[in-house]
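If you want the building blocks of each chain, they are given just below.
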2 protein chains.
Amino acid sequence: MVAQRDGDREFGRLLQGLASEMNLLGHDFAAAQGLHATDVQALLAVLRATDPPGITPGGLRAELGLTSGAVTAVLDRLERAGHVHRTRDAADRRQVHVHYHPDAARLAFDWFTPVAHCTDRVRSEFRAEEVATVVRFLTRMTEELERLRQDRRERQPR
Amino acid sequence: MVAQRDGDREFGRLLQGLASEMNLLGHDFAAAQGLHATDVQALLAVLRATDPPGITPGGLRAELGLTSGAVTAVLDRLERAGHVHRTRDAADRRQVHVHYHPDAARLAFDWFTPVAHCTDRVRSEFRAEEVATVVRFLTRMTEELERLRQDRRERQPR
DNA sequence: TCGAGATCTCTCAATCATTGAGATATCCTC
DNA sequence: GAGGATATCTCAATGATTGAGAGATCTCGA
């Protein structure tokens, strides 16, 4: 009754549903903080970027799919609200690095703690090797989607 | 060196990264179709809703985290562009059902076919029981996040 | 060393998506 | 029926996003 095709379809739907649910969490956080959805996405991207130098506006542009003007506006808002601050790169003074303010990190951390508990709870339902499988899947899936986007961008540069 | 805490953190980051990547696919589709990111999210939600009666504006409101005014605007745009159409429920004439136009479905289907291939490719790297594990994980994760959001909404109704 | 081109960020005006309150129509229950 | 609840839409105000272009800095070849 449930053919391979249906399985695939269900699979995609599952992924979409999860992504959508995570988006909504962002919306809720935004509403709770008096921020806008885009600002939250940007803030999370900044928090996620632990590579020492932080993330640049250009990186955010790529990560959020916004134009440069929009990124500047987002960062202005976040900076005005005290969540992040900008520093110029000493080596390449064209570049700007965005850093989060520790308080912003704590705020986000506190708010997302219940979410982390959710993750833990689900995680604890799986055996270690199953978790490893899931991690492998998530990693591969992300890689493949990244590659797909990159390919498309190269094939259609404008 | 990598403690449990770090593992958790990495796990959340993985999920976020995947969700973000899927979001970007939406952005790309939007750009390709001359739509806006929100419109695409809405269109996908409509396509995803296969429960026979379709989805209502209220359902979209919940699914996209928008206000009623915004949903009306989104649907106006999608309807004007010929992607969806609205019908009134015969039994409850307050309600509206949103249906996609077959051409819109085909358009989205064609565009997302390479994405489906991505999913298939990754999927084929896993044994059947591993796929089952991943499906179980995705399902549980979505359920838990849904529940978390619901709990929060009930605790803080306004 | 200099200059052309590339890269990164920001500015600014125009556009248009979103909010939020309220209007309208319909349903449900007493 | 009347009152309250529910679902959607309207509309003015707000402000986020776009897109072109300016400014500053770097890179590399002549």
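Everything quoted here is computed from the prediction, not taken from an experiment.

(A) Spotlight on empty space enclosed by the protein. Counting across every chain of the model gives one cavity of 30 Å³ or more. Around the largest cavity, the lining residues are Leu15, Leu18, Ala19 and Met22 of chain A together with Leu15, Leu18, Ala19 and Met22 of chain B. Contributions of two or more residues to the lining of the largest cavity are made by helix H1 (4-33) of chain A together with helix H1 (4-33) of chain B. Counted by class, the lining of the largest cavity contains eight nonpolar, no polar and no charged residues.

(B) A look at the nonpolar core. Among the nonpolar cores identified, the biggest contains 83 residues, and Leu60, Phe137, Leu138 and Leu145 of chain A together with Leu60, Phe137 and Leu138 of chain B are the most heavily contacted of them. At nine residues, H1 of chain B tops the list of elements feeding residues into this core. The contact partners of Leu138 of chain A, leaving out residues within four places of it in the chain, are Phe11, Leu14, Leu15, Leu18 and Phe137 of chain B.

(C) Region of the structure containing the pattern of salt bridges. All chains considered together, the criterion is met by 34 salt bridges over all chains. Residue Glu130 of chain B is joined to Arg136 of chain A by a salt bridge in which the shortest nitrogen-to-oxygen separation is 2.9 Å. Taken together, the positions of Glu130 of chain B in helix H6 (residues 128-155) and Arg136 of chain A in helix H6 (residues 128-155) put the pair across two chains. Between Glu144 of chain B and Arg140 of chain B there is a salt bridge, and its shortest N-O distance comes to 3.1 Å. Taken together, the residues Glu144 of chain B and Arg140 of chain B, both in helix H6 and four residues apart, mark about one turn of the helix. The exposure class assigned to Glu144 of chain B is buried, which follows from its relative accessible area of 6%. Linked by salt bridges that have partners in common, Arg121 and Glu125 of chain A together with Arg140, Glu143, Glu144, Arg147 and Asp151 of chain B make up one network.

(D) Structural detail: the protein's contact with DNA strand C. Contacts to DNA strand C come from 23 residues, most closely from Gly58 and Ser68 of chain A together with Thr38, Thr67 and Arg94 of chain B. In DNA strand C, atoms within 4 Å of the protein come from the sugar-phosphate backbone in 74% of cases. Between DNA strand C and Thr38 of chain B there is a distance of 2.6 Å, counted from a phosphate oxygen to a side-chain nitrogen or oxygen. Between DNA strand C and the protein, one listed contact pairs a phosphate oxygen with a backbone N or O atom of Arg93 of chain B at 2.9 Å. Every element with two or more residues in the surface near DNA strand C is listed here: helix H3 (57-64) and helix H4 (68-80) of chain A together with helix H4 (68-80) of chain B. Among the elements that take part in the surface near DNA strand C, H4 of chain B stands out by supplying six residues, more than any other. Tallied by class, the residues present in the surface near DNA strand C amount to six nonpolar, 11 polar and six charged.

(E) Spatial organisation of the interface of chain A and chain B. Contacts between the two partners involve 60 residues from chain A, matched on the other side by 60 residues from chain B. For the pair chain A and chain B, the summed buried surface comes to about 6100 Å²; carbon and sulfur atoms form 63% of the total. Summed over the shared surface of chain A and chain B, the result is 10 salt bridges. Note that Glu144 of chain A and Arg121 of chain B form a salt bridge whose closest N and O atoms lie 2.8 Å from each other. The tally of links from chain A across to chain B stands at 18 residue pairs in polar contact (both at pLDDT 80 or more). Counting residues per element, the side of chain A that touches chain B draws most heavily on H1 of chain A, which supplies 21 residues. By residue class, the composition of the side of chain A that touches chain B is 26 nonpolar, 14 polar and 20 charged.

Definitions and limits used
Residues numbered from 1 in each chain as written. Chains lettered and ligands numbered in written order. Predicted model: local features only at pLDDT ≥ 70, side-chain atom pairs only at ≥ 80, totals over all residues. Heavy atoms only, no water. 1 Å grid on protein atoms, 1.4 Å probe; cavity = no way out; pocket = protein on both sides within 12 Å on 5 of 7 lines; lining within 4 Å. Points joined across faces, edges and corners; volume = space filled by probe spheres on them. Helix = DSSP H or I, 4+ residues; strand = E, 2+ residues; numbered from the N terminus. Nonpolar A, V, L, I, M, F, W, Y, C, P; charged D, E, K, R; others polar. Core = buried A, V, L, I, M, F, W, Y, C linked by side-chain atoms within 4.5 Å. Buried < 20%, exposed > 50% of the residue type's maximum accessible area, 1.4 Å probe, protein only. Contact = heavy atoms within 4.5 Å. Salt bridge = Lys/Arg side-chain N within 4 Å of Asp/Glu carboxyl O. Near = heavy atom within 4 Å. Polar contact = N/O pair within 3.5 Å; in protein donor to acceptor, adjacent residues only side chain to side chain. Buried area = accessible area lost by both parts, 1.4 Å probe.

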